Amino acid sequence: MSEKADVVVVGLGPGGEYAAGALAEAGLDVLGMEAELVGGECPYWGCVPSKTMIRAGNVLAEAGRVARLAGEAKVVPDWGKVAGRVRSEATGGWNDQPAADRLADKGVRLVRERGRLAGARRVTTGDRTFEAARGVVLATGSHPRIPPIPGLETTPYWTNRDAIAAEEVPASMLVLGGGAIGVELAQVFARFGCTVTVLEGQERLLAQEEPESGDLAAKALRADGVIVRTRTRAVQIEYDGTTFEALLEGGLEPIRAERLLVATGRVTDLAALAVDTVGIDPAARAVRTDGQLRAGEGLWAVGDITGHGAFTHVSMYQAQIAVRDILGTPGPDADYRALPRVTFTDPEIGAVGLTERQARDRGLRVRTGSVPIASSARGMIHGPGNGGFVKLVEDADRGVLVGATSAGPTGGEVLYGLNVAVHNEVPTDRLKHMIYTYPTFHRAVEEALDALH
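Residues numbered from 1 in each chain as written. Predicted model: local features only at pLDDT ≥ 70, side-chain atom pairs only at ≥ 80, totals over all residues. Heavy atoms only, no water.

S.K.: Any details on the environment of Glu210? Residues and values, ideally.
M.R.: Among the structural elements, Glu210 can be located in the loop between strand E9 (195–200) and helix H9 (211–223). Overall, Glu210 belongs to the buried group, its relative accessible area being 3%. Sequence-wise, Glu210 and Ala310 are 100 residues apart; in three dimensions their C-alpha atoms are separated by 19 Å. Apart from the residues within four sequence positions on either side, Glu210 is in contact with Thr355, Glu356, Lys391, Val393 and Thr405. Within the structure, the side chain of Glu210 is placed 2.9 Å from the backbone nitrogen of Glu356, a separation counted as a polar contact. (Helix = DSSP H or I, 4+ residues; strand = E, 2+ residues; numbered from the N terminus. Buried < 20%, exposed > 50% of the residue type's maximum accessible area, 1.4 Å probe, protein only. Contact = heavy atoms within 4.5 Å. Polar contact = N/O pair within 3.5 Å; in protein donor to acceptor, adjacent residues only side chain to side chain.)

Following this line, the structure appears as structure tokens:
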């Protein structure tokens, strides 16, 4: 026998949780399905706890700069305080009952099962079938990509979840992958005394960002004692019960460590959702949607599974659009031209829109301008820890920014103004004639505009 609802939301990460709650508050009968924790990756194993850990590492680094700026300071790292704060403050002990209660208070019916599509507006789990009169929202997120390295699967490797929940700092750790997750966690653990090696197969860390960003991240990590190995791949992983050993391509000397963190990206699993029952290729990397996040008749998709980046802010943005569409409220289509992202290393590396290479690959006539943060008045004042730069990418024919990077202390915060400029296609000539507060980090944007060539 089928159970009925107006909308079934499959997956209650940030986007799905928002969609379910907003639709229920609008008066619809909403059923939300979640096999793990309500709230998803971000509040329990991603954004919130990882940045809590990063904050702790940054405080240690700042204390280490006292000798050059203010006198003397002695700091003794204590991971117990970090683990305790992650456990009690950031994740609530990995207890999602408060999140589940919030949804229930809004009128959402919660089913703690993994849902699968069973045709248009139909979802199944076990022997239960749910029919959605308005439709289904898919918001099932992604999971860590585990590379097919011989021997890896049979070892007790870590993913980001294990690293976040760590009660102790290992003596040594090998990180596979030099993307945002890998470099953030590498720096944190290194600052708490772990000997860390990062292995990245591509030419640079943060390979999807500007080359200067990857170089900055490598320099920052090395300053914290991290061994950074780029253009290097593991071809075999072995584990003897206490130590991991990574055999390397080209017969290079193996790397040994107490722990192995796999941070080689994230993937979706559309086949597990039975998307073929609604005409979607189960082998696809993402669900294709239109501007209103429609993936088919009575079907919407938001978040990681749409292929626009594994970012909480993208999921929430898309969920707002999908909710409007379901409720019949007019609104603009999704616009990803000014998609912002931040790697929360020290220094922070924020970026929005296209990189220089991406812009050139699209056939644009490009001008760029770049200045180091250290050359600015605020950079000089800040002193140690002032690494970073502002880089602008201009479509020279239209005279507007199509991309920008803001790296440095509070680089993610400085990014906001650049995000507005890229999103609204503000002419660079107009940006040049703004008043930039002195002395602030964002004054480097004015200098980068002057450096466009």
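The discussion continues.
S.K.: Can you break down the packing of aromatic side chains residue by residue, with the values?
M.R.: Given two aromatic rings, their pairing is described by the distance between the two centres and the angle made by the two planes. By the definition in use, this model includes six aromatic pairs. Among the aromatic residues, those joined into a ring-pair cluster are Trp79, Trp158, Phe189 and Phe192. The ring of Trp45 has Arg161 lying over it, and the distance from NZ or CZ to the ring centre is 3.5 Å. (Phe/Tyr/Trp six-rings, centres within 6.5 Å; stacked < 30°, edge-to-face > 60°. Lys NZ or Arg CZ within 6 Å of the ring centre and 35° of its normal.)

S.K.: Now, about the packing of helix H1 (residues 14–25) against helix H6 (residues 97–106): what can you tell me, with residues and values included?
M.R.: The contact between H1 and H6 brings their axes to 8 Å, and the two run at 25°. By the angle class used here, H1 and H6 are roughly parallel. The residues of H6 that touch H1, namely those facing Glu17, Ala20, Gly21, Ala24 and Glu25, are Ala99, Arg102, Leu103 and Lys106. A breakdown of the residues in the contact of H1 with H6 according to their chemical character gives four nonpolar, one polar and four charged. (Axes fitted to C-alpha atoms, helices over the stretch in contact; angles between N-to-C directions. Parallel < 35°, antiparallel > 145°, perpendicular 65-115°, else oblique. Nonpolar A, V, L, I, M, F, W, Y, C, P; charged D, E, K, R; others polar.)

S.K.: So what's going on with H1? Residues and values would help.
M.R.: Since one α-helical turn is 3.6 residues long, residues separated by three or four positions face the same way. When the terminal C-alpha atoms of H1 are compared, their 16 Å separation across twelve residues agrees well with the 16 Å that a helix rising 1.5 Å per residue should span. Buried residues dominate H1, accounting for ten of its twelve residues. Within H1, burial applies to Pro14, Gly15, Gly16, Glu17, Ala19, Ala20, Gly21, Ala22, Leu23 and Ala24. Along its buried surface, H1 packs onto strand E1 (2–10), strand E2 (30–33), helix H2 (41–45), H6 and helix H10 (312–327). (Expected span 1.5 Å × (residues − 1).)

S.K.: For the packing of helix H3 (residues 47–64) against helix H5 (residues 79–90), give the residues involved together with the corresponding values.
M.R.: For any two helices packed against each other, one specifies the inter-axial angle together with the distance between the axes. Packing of H3 against H5 leaves a shortest axis separation of 10 Å and a crossing angle of 150°. Viewed along their axes, H3 and H5 adopt a mutual orientation that is roughly antiparallel. Pair H3 / H5 crosses with right-handed handedness. In contact with Val48, Pro49, Thr52, Met53, Arg55 and Ala56 of H3, H5 contributes Trp79, Val82, Arg85, Val86 and Ala90. Within the contact of H3 with H5, the residues separate by chemical class into eight nonpolar, one polar and two charged. (Left-handed = near helix turned anticlockwise from the far one by under 90°.)

S.K.: Kindly report on the pairing of strand E6 (residues 128–138), identifying the contributing residues and their values.
M.R.: Note: E1 against E6, eight bridges, orientation parallel. When the bridges of E6 are listed, Ser2 appears paired with Thr129. Relative to E6, strand E5 (residues 122–125) runs antiparallel, the two being bridged by four bridges. Opposite Val123, over in E6, you have Phe130 as the bridge partner. Here E5 folds back onto E6, and the loop between the two strands holds two residues, one of which, Gly126, carries a positive phi near 60°. Bridge count between E6 and strand E17 (residues 299–301): three bridges; the pairing is parallel. If you follow Val137 over to E17, its bridge partner there is Trp300. (Pairing = 2+ DSSP bridges.)

S.K.: Mind laying out the pattern of salt bridges, listing which residues take part and the relevant values?
M.R.: Inspection of every chain in the model, using the stated rule, returns 36 salt bridges. The salt bridge involving Lys4 is made with Glu131; its shortest N-O contact spans 3.3 Å. You can see Lys4 sitting in strand E1 and its partner Glu131 sitting in strand E6, a full 127 residues away along the chain. With a shortest N-O distance of 3.0 Å, Arg122 and Glu131 are connected by a salt bridge. Here Glu131 falls in the partly exposed class, since its relative accessible area comes to 26%. One continuous salt-bridge network, built from bridges that share partners, spans Glu62, Arg65, Arg191, Asp224 and Asp346. (Salt bridge = Lys/Arg side-chain N within 4 Å of Asp/Glu carboxyl O.)

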